[in-house]
Amino acid sequence: MFFDSDLLMSALRALTPILLAALGGALCERAGVFNIGLEGMMLMGCFTAVTTSWFTGSPWLGVLAAALASAAYSLILAVGAVTLRGDAVVLGIAMNLLAVGLTGFLLRTIFGVQGTFDDPSLAGLPLIGGFSPLAYLAWAAVGVTALLLSRHVWGLRLRGVGEAPQAAATLGVSPTRYKYAAVLVSGVLCGLAGAQLALGNVTLFSENMTAGRGWIAVVAVMLGRALPLGVLLAALLFGLAEAAGFRLQGLGMPQQATDAAPYVVTLVALFLSTAQRRRRNARTRMTTSTTGVTS
């Protein structure tokens, strides 16, 4: 059978990096910072995790280093978009391009290889029930983020900063501080996503190995409307698409066609979401016009 428990397990493993990065993007969105630099942050996490794990022999130090490195890398967006008030979209694209070039350069400089670094001594993350601990952390992070944004004072202030920064400032809440915090947390989560991709899903580093997963995470934020549960469902959709692509490849379909499966699903989901939003806006305008005429 095409749909079986193995396909579901593969989908859950595939969604973990996307989910972690998308949760970081959702926090930024709630703070009023549109973060499309998730791809570059994930890639920096991948490289740092592999490099640290190889030199130290500890995958957990690789995970820690990946989180710290991606958080430091996210400061480019924080300083540029929050402090200097630059265009977050331009900064995010620049960060993605810089990460591809920088990791490729460091791969040749540190390991003396080009393309892929794969060493038998490279330590990967242990598996518990078929999943790495970071997978369980990602699922738990959905609930924690939901409670944080709906119940905790920090999350409520973060939402206030994103929706009405001037009003939040008049109440003594610093928009800059909360925006910085959201971007840094997104960097940490993207670093964990990169560590999961490089040390959990596989045990190697390949140039541009994120392969658009950061962009898919951005789409997951948009489809999920920056809500933790919505982001989880969107990430699960893309995880299923990736797992189905691998299954179809095993059944004999060309690799080029199966590799495109997640991106086809992304485009279809964006199209349907945009169409639904336009219909909703048109309905709202019609209702408003009708109310105005009646009045």
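Above this text you will find the structure in question.
Read on for an overview of the structure.

Cut-offs and rules
- Residues numbered from 1 in each chain as written.
- Predicted model: local features only at pLDDT ≥ 70, side-chain atom pairs only at ≥ 80, totals over all residues.
- Heavy atoms only, no water.
- Axes fitted to C-alpha atoms, helices over the stretch in contact; angles between N-to-C directions.
- Helix = DSSP H or I, 4+ residues; strand = E, 2+ residues; numbered from the N terminus.
- Parallel < 35°, antiparallel > 145°, perpendicular 65-115°, else oblique.
- Left-handed = near helix turned anticlockwise from the far one by under 90°.
- Contact = heavy atoms within 4.5 Å.
- Patch = residues over 30% accessible without salt bridge, like charges linked within 9 Å, V, L, I, M, F, W, Y side chains within 5 Å.
- Areas by Shrake-Rupley, 256 points an atom, 1.4 Å probe, with all protein chains shown as cover.
- Salt bridge = Lys/Arg side-chain N within 4 Å of Asp/Glu carboxyl O.
- Expected span 1.5 Å × (residues − 1).
- Buried < 20%, exposed > 50% of the residue type's maximum accessible area, 1.4 Å probe, protein only.
- Polar contact = N/O pair within 3.5 Å; in protein donor to acceptor, adjacent residues only side chain to side chain.
- Phe/Tyr/Trp six-rings, centres within 6.5 Å; stacked < 30°, edge-to-face > 60°.

### Quick look at the packing of helix H2 (residues 38–56) against helix H4 (residues 88–111)
Here is step 1: Where H2 contacts H4, the two axes come as close as 7 Å, and the packing angle between them is 20 degrees. The pairing of H2 with H4 is recorded here as roughly parallel in orientation. Pair H2 / H4 crosses with left-handed handedness. The residues of H4 that touch H2, namely those facing Leu38, Glu39, Gly40, Met41, Leu43, Met44, Phe47, Thr51, Trp54 and Phe55, are Met95, Asn96, Ala99, Val100, Leu102, Thr103, Leu106, Leu107, Ile110 and Phe111.

### Brief notes about a nonpolar patch on the surface
Here is step 1: A cluster of nonpolar side chains, namely Phe34, Val89, Ile93, Leu97, Trp215 and Met222, defines an oily patch on the protein surface of about 530 Å² accessible area.
Here is step 2: Of all the secondary-structure elements, those providing two or more residues to the nonpolar patch are H4 and helix H9 (213–223).
Here is step 3: Considering each element in turn, the nonpolar patch owes the most residues, three residues, to H4.
Here is step 4: Mapped onto the secondary structure, Ile93 falls in helix H4.

### Remarks on H4
Here is step 1: The terminal C-alpha atoms of H4, which comprises 24 residues, lie 33 Å apart, in line with the 34 Å expected from a rise of 1.5 Å per residue.
Here is step 2: Where H4 is concerned, the buried positions are Ala88, Gly92, Met95, Asn96, Ala99, Thr103, Gly104, Leu107 and Phe111.
Here is step 3: Those residues of H4 hidden inside the fold are in contact with H2, helix H3 (59–83), strand S1 (116–117), strand S2 (205–206) and H9.
Here is step 4: Two to three positions downstream of the cap, the backbone nitrogen of Val89 sits 2.9 Å from a side-chain oxygen, assigning the N-cap of H4 to Asp87.
Here is step 5: Downstream of H4 by a residue or two, Gly112 has a phi angle that is positive, lying close to 70 degrees.

### Describing the packing of aromatic side chains
Here is step 1: In the structure shown here, the tally under the stated rule is 11 aromatic pairs.
Here is step 2: With 5.6 Å between their ring centres and 90 degrees between their planes, Trp54 and Phe117 make a pair best called edge-to-face. Placement of Trp54 in helix H2 and of Phe117 in strand S1 is noted, with a sequence separation of 63 residues between them.
Here is step 3: Judged by relative accessible area, which is 30%, Trp54 ranks as partly exposed.
Here is step 4: Ring geometry for Phe111 versus Phe117: centroids 3.9 Å apart, planes at 25 degrees, classification stacked.
Here is step 5: Counting every residue linked through ring pairs, the aromatic cluster contains Phe47, Trp54, Phe55, Phe111, Phe117 and Phe205.

In short, the description is geometric, and any link to function would need to be established separately.
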